Structure formats: C-alpha cells, structure tokens
Amino acid sequence: MAERALRGTRLGATSYENDRNTDLAPRQEVDYTCAKGHRFTVTLAAEAEVPMTWECRNCGATALRVDGEIPQPKQGKAPRTHWDMLMERRTIEDLEEVLAERLAILRAQRKKTA
C-alpha cells in the first residue's frame, strides 16, 4: 500500500502544506533606483533596518532608495606613517644623535675591513 501512495509524486519536489490558517510576518516594500534608471522593489521585514543603497538587480550598479538621500562617506583618520609614529617617540635632536652614533659605528667597521 505504501508503494501506491508515493506513486506518481516526486519526493521533495512539491510541498503539500498550504498557507491557510497561518500568519505571515509583517513586511514592507522599499523602492530603489539605480543611476541607469532601473527601478525595482525589495521586500523586507517590517522591523528590519532599511539600507540606503542596494545592488541593482538588472545591471549590478549601486541603487539608491527612492525616498533617501545620497549617503555621505564617513570621515576617517588619516593613516599614520612610520615617520609619524617615530616622531611621537623621538625628537629631531634625538634622531640626529642616533644617526651620528650609527655612522660612527659603520665608519669604524669600514676601517677594520680596509
């Protein structure tokens, strides 16, 4: 009998559940437009934070929310260079002393080999 019940169906291909007596999660639809003029709608959960930009479904460019403004780039600190970090620890006078010491050592080594 079990063989007859499964005859003619593909396992996993069709769901026999229905949407009756179920409550769907609240949703919201957000419209986006890309620079090339493509307009599309994204369905999100009602409590989700809506992003200002979304990737365009047609061309892959960055699309902007229809009712949104262009996001401003974040101001970050300029990257510190090795020289900046060195100047935090030493003064120019200290560096000149270290340079003079190292040059003296190098010149002494050259005289020994020559």
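Residues numbered from 1 in each chain as written. Predicted model: local features only at pLDDT ≥ 70, side-chain atom pairs only at ≥ 80, totals over all residues. Heavy atoms only, no water.

**Let's talk about the overall build of the protein**
Point 1. Within the protein, the secondary structure is distributed over 3 helices and 4 strands.
Point 2. Each helix and strand of the protein, placed in order from N terminus to C terminus, yields the pattern α-β-β-β-β-α-α.
Point 3. Here the protein holds 114 residues, and the buried ones make up 9% of them.
Point 4. Restricting the contact set of the protein to residue pairs at least 6 apart, pairs at least 24 apart contribute 18%.
Point 5. Here the protein has roughly 10800 Å² of accessible surface; of this, 51% comes from carbon and sulfur atoms. (Helix = DSSP H or I, 4+ residues; strand = E, 2+ residues; numbered from the N terminus. Buried < 20%, exposed > 50% of the residue type's maximum accessible area, 1.4 Å probe, protein only. Contact = heavy atoms within 4.5 Å. Areas by Shrake-Rupley, 256 points an atom, 1.4 Å probe, with all protein chains shown as cover.)

**Focus on the sheet that holds strand β3 (residues 53-55)**
Point 1. An order of β2-β1-β4-β3 is seen for the 4 strands of this open sheet, with the pairing classed as antiparallel. Taken across any chain shown, the strands that pair with only one partner, and hence form the sheet edges, are β2 (39-45) and β3. Neighbour-to-neighbour, the strand axes of the sheet open up by a mean angle of 40°, direction not taken into account.
Point 2. Taken together, the 3 bridges between β3 and strand β4 (residues 62-65) define a ladder with antiparallel strand orientation. Along β4, the bridge assignment pairs Trp54 with Ala63. (Pairing = 2+ DSSP bridges. Axes fitted to C-alpha atoms, helices over the stretch in contact; angles between N-to-C directions.)

**A closer look at the UniProt feature "binding site: Zn(2+)" (unreviewed entry) in the protein**
Point 1. Cross-referencing UniProt, the feature "binding site: Zn(2+)" (unreviewed entry) maps to Cys34, His38, Cys56 and Cys59 in the present numbering. A compact arrangement is adopted by the annotated residues: their sequence extent is 26 residues, whereas the largest C-alpha distance between any two is 8.7 Å.
Point 2. With respect to the element layout, His38 can be found in the loop between β1 (27-34) and β2.
Point 3. Tracing the backbone through its elements, the reader meets Cys56 in the loop between β3 and β4.
Point 4. In this view, Cys56 contacts Cys34, His38, Phe40, Ala61 and Ala63; residues no more than four positions away in its chain are not counted. (UniProt positions renumbered as here; feature names shortened; annotations may be inferred.)

**What to know about the environment of Tyr32**
Point 1. Within the fold, Tyr32 resides in strand β1.
Point 2. By relative accessible area, which is 0% here, Tyr32 ends up buried.
Point 3. Separated by 20 residues in sequence, Tyr32 and Met52 place their C-alpha atoms 8.8 Å apart.
Point 4. Of note is the side chain of Tyr32, whose polar atom sits 2.7 Å from the backbone oxygen of Pro51. (Polar contact = N/O pair within 3.5 Å; in protein donor to acceptor, adjacent residues only side chain to side chain.)

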